[in-house]
Amino acid sequence: MEMLQILAPDGTLTGEAPLSVDEVRRLFRAMVAGRAYDHKATAMQKQGRLATYASFEGQEAAQIGSVAALEERDWVVGTYRDAAAMWFHGYPWVNLILGRTGDERGGHAPDGVNVMPPSITVGAHMIHAVGLGWSERLLGSDAVAMTYFGDGATSEGDFHEAMNFAGVYRTPTVFVCQNNGWAISMPTSRQTASETIAQKAIAYGMPGVRVDGNDLLAMYQVSRDAVARARAGEGPTLIEAVTYRVGPHTTTDDPDRYRDGEEAAEWRSRDPIARVRAYLQADGAWDAEWEADIEQTEHDAVERAVDEAEALEPFGAGEIFDAMYAEPTPQLIEQRDKSIGR
Ligand SMILES: Cc1ncc(C[n+]2csc(CCOP(=O)(O)OP(=O)(O)O)c2C)c(N)n1
């Protein structure tokens, strides 16, 4: 299967750009914001202020290029590694930070923001995305659900169930697999005997596309087309975004124990942000001062979210139970009472 690329690693176009320069500048800024959050969260974990954190460095184009194709009424259903996509669709940084401290108040989106909390269970959320899209369709809406997952998640039974159901019922689902080369220490080559992930779509009766996941423009184009298909009632699409996790799996991981450092260094040189920077610069639409300015502004926004999260009164031990159901079950009431020593 061919891999679509529109923006070459040196920032030159190999096809027609699907976005105006102003739109590219807006998405460049979003990628810069994502990286500001990513670096801050990694640093905070090392300071003992966050629990485990999963960096998405290197995957900014895969996330921002795809989520940018959505409308507000659409859904984002992602994982622990998809903070940039979640944030772009309205999930506030403060909630993401709270979630990483184990505070349940970070575990849901504000009203009207169609973003599910991140799935830590590998693969389980793809089924939810299919159900969300299907229910939107049954309610007469044209909203679609975009779900993010890794190459490792495609080995879960949940992936098969989600893809199969979506194919049979032609649900408005866009499956975005960020094939980042590794599932913790398991390389994609040992994850599946398929030559590509995209080709798995054929068996479920839906289109599969393979795209350079470090290319913002190509990511946007394939996502826009998949969203349009889903919205028009033509069913789901599987997108395989070929990218790379340049950092560790999470802050608890040491990738030097299982992979060659040169591989990560090579992928760092294909940085998705640098690629768009080169494109904008060649167009006269970038200068260092502008980037320094947006970087500072986005960094400040993340810092404010951190301050807000850390200024909250600690979450009470028993309150976690209140977040489970509208009406707690007798068992939950019993557990809650025990946890607060009643
Ligand atoms: C059902 C389940 N099994 C195992 C784990 C432990 N685990 C967390 S992340 C991960 C690897 C997932 O790899 P992939 O789907 O490729 O996503 P990536 O982390 O690379 O983004 C595993 C095995 C889990 N969270 N859930």
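Residues numbered from 1 in each chain as written. Predicted model: local features only at pLDDT ≥ 70, side-chain atom pairs only at ≥ 80, totals over all residues.

**Digging into the domain arrangement of the protein chain**
- Split into domains, the protein chain comes out as domain 1 (3–311) and domain 2 (317–342).
- The centre of domain 1, based on its C-alpha atoms, is set 34 Å off from the matching centre of domain 2. (Domains from an automatic or database assignment.)

**Some thoughts on helix H11 (residues 272–282)**
- Every buried residue of H11 is listed here: Pro272, Ile273, Arg275, Val276 and Tyr279. Around the axis of H11, the buried residues are gathered within 160° of arc, so they sit on the same side.
- Residues of H11 that are buried sit in contact with helix H1 (21–46), helix H2 (60–67) and helix H9 (216–231).
- Of the residues flanking the end of H11, it is Gly284, one or two places downstream, whose phi is positive at about 75°. (Buried ≥ 20, exposed ≤ 12 C-beta atoms within 10 Å, placed from the backbone. Helix = DSSP H or I, 4+ residues; strand = E, 2+ residues; numbered from the N terminus. Arc of directions from axis to C-beta. Contact = placed C-beta atoms within 7 Å.)

**Describing the site of the ligand**
- Around the ligand, a shell composed of 15 residues is seen, among which Val122, Gly150, Gly152, Ala153 and Ala183 lie nearest.
- Of all the elements in the fold, those that place two or more residues in the shell around the ligand are strand S3 (145–150) and strand S5 (182–183).
- Tallied by class, the residues present in the shell around the ligand amount to 7 nonpolar, 5 polar and 3 charged. (Near = placed C-beta within 6 Å. Nonpolar A, V, L, I, M, F, W, Y, C, P; charged D, E, K, R; others polar.)

**A short note on unusual backbone geometry**
- You will see that Arg170, though not glycine, has its phi angle at about 50°, which is positive.
- With respect to the helices and strands, Arg170 occurs in the loop between helix H6 (157–169) and strand S4 (173–179).
- Owing to 18 C-beta atoms within 10 Å, Arg170 belongs among the partly exposed residues under this scheme.
- Positive phi, close to 50°, is recorded for Ile184, a residue that is not glycine.
- Mapped onto the elements, Ile184 comes out in the loop between S5 and strand S6 (186–187).
- By the C-beta count within 10 Å, which is 15 here, Ile184 ends up partly exposed.

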